[in-house]
Amino acid sequence: QVQLVESGGGLVQAGGSLRLSCAASGRTFTNYYMGWFRQAPGKEREFVATISRGGGRTYYADSVKGRFTISRDNAKNTVYLQMNSLKPEDTAVYYCAADTRAYDLETRDYEYDYWGQGTQVTVSS
C-alpha cells in the first residue's frame, strides 16, 4: 500500500508561482514512477507531468511545458511540482499519483494505481 499526501496549494495571482509537494509512504518510493494530474471544475482529469524512478527523465503536457518543473527527492520520499508563470486556466485540484508497475513514463491516469487526496490551486486574474 502507498499513501500519498499533497501540500502547497493555495491562491496566487496570475504570473505568480507555487510549489506543490507530495509525500509518499508505504512501499519503496524509488520503485515507482510519479505523476501529477489536475482536474478543473466541470472538466476531466488531465495529465500534467511525470518523472522516472531516478528523476533523470521527465515529460510534460504541452500546456505546462516551460512553466512547470517536476522533480523528486528519493531520500525524502517526496515529489515536487514547481509551477511558475501561473495562469487562471491552471486553476484546478492537483493530484499526485504513483505508478508502481511502470517501465516508462506514463500519461494515462488509469495506469497509476495510487492517488493522493488532491490540493487546490487557484490562480486569480
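That block above? That's the structure.
Structural notes, computed from the coordinates.

What counts, and at which threshold
For every chain, the first residue of the written sequence is number 1, and numbering continues from 1 onward in sequence order. The predicted nature of this model means local features are confined to residues of pLDDT at least 70 and side-chain atom pairs, given and counted, to a pLDDT of 80 or more, with totals for whole chains, interfaces and linings taken over all residues. Values reported for side chains reflect all heavy atoms of the structure, with hydrogen atoms and water molecules removed beforehand. The disulfide definition used here is simple: a pair of cysteine sulfur atoms within 2.5 Å. In this text, helices come from DSSP runs of H or I with a minimum length of four residues, and strands from runs of E with a minimum of two, each type numbered from the N-terminal end. Burial classes: relative accessible area under 20% of the type maximum marks a residue as buried, over 50% as exposed, and values in between as partly exposed (1.4 Å probe, protein chains only). Note on pairing: two strands pair once DSSP finds at least 2 bridges between them. Every axis in this analysis is a line fitted to C-alpha atoms, fitted for helices over the stretch in contact. Angles between the N-to-C directions lie between 0 and 180 degrees. Salt bridge, as applied in this entry: a Lys or Arg side-chain nitrogen positioned within 4 Å of an Asp or Glu carboxyl oxygen.

**Concerning the state of the cysteines**
In step 1: Taken as a whole and assessed by the stated rule, the structure comprises 1 disulfide.
In step 2: A disulfide bridge connects Cys-22 with Cys-96, and the sulfur atoms are separated by 1.9 Å. In this structure the cystine formed by Cys-22 and Cys-96 twists about its S-S bond by roughly 45°; its chirality is therefore right-handed. Linking Cys-22 in strand S3 (residues 18-26) with Cys-96 in strand S9 (residues 92-99), this pair joins segments that are 74 residues apart in sequence.
In step 3: Note on Cys-22: relative accessible area 0%, which makes it buried.

**Details of the sheet that holds S3**
In step 1: Ordered in space as S1-S3-S8-S7, the 4 strands form an open sheet in which the pairing is antiparallel. This sheet does not close on itself; its edge strands, each paired only once, are strand S1 (2-7) and strand S7 (68-73). This sheet shows a mean twist of 15° between the axes of neighbouring strands, independent of strand direction.
In step 2: Where S3 and strand S8 (residues 78-83) come together, 6 bridges link them in antiparallel fashion. From the neighbouring strand, Cys-22 faces S8, where its bridge partner is Val-79.

**Points about the pairing of S1**
In step 1: By the alternation rule, side chains of S1 split into Val-2, Leu-4 and Glu-6, which are all buried, and Gln-3, Val-5 and Ser-7, of which none is buried.
In step 2: Of the strand pairs in this sheet, S1 and S3 are connected by 6 bridges, and their pairing is antiparallel. Counterpart to Ser-7 in the pairing with S3 is Ser-21.

**Some thoughts on the pattern of salt bridges**
When charged atoms on two side chains of opposite charge get close, those side chains can pair.
In step 1: Applying the stated criterion to the full structure yields 9 salt bridges.
In step 2: Close ionic contact of Arg-38 with Glu-46 constitutes a salt bridge, the shortest N to O distance being 2.5 Å.
In step 3: Given a relative accessible area of 5%, Arg-38 falls into the buried group.
In step 4: Classification of Glu-46 by relative accessible area gives partly exposed; the value is 34%.
In step 5: Residues Arg-108 and Glu-106 are paired through a salt bridge, measuring 2.7 Å at the closest nitrogen-oxygen approach.

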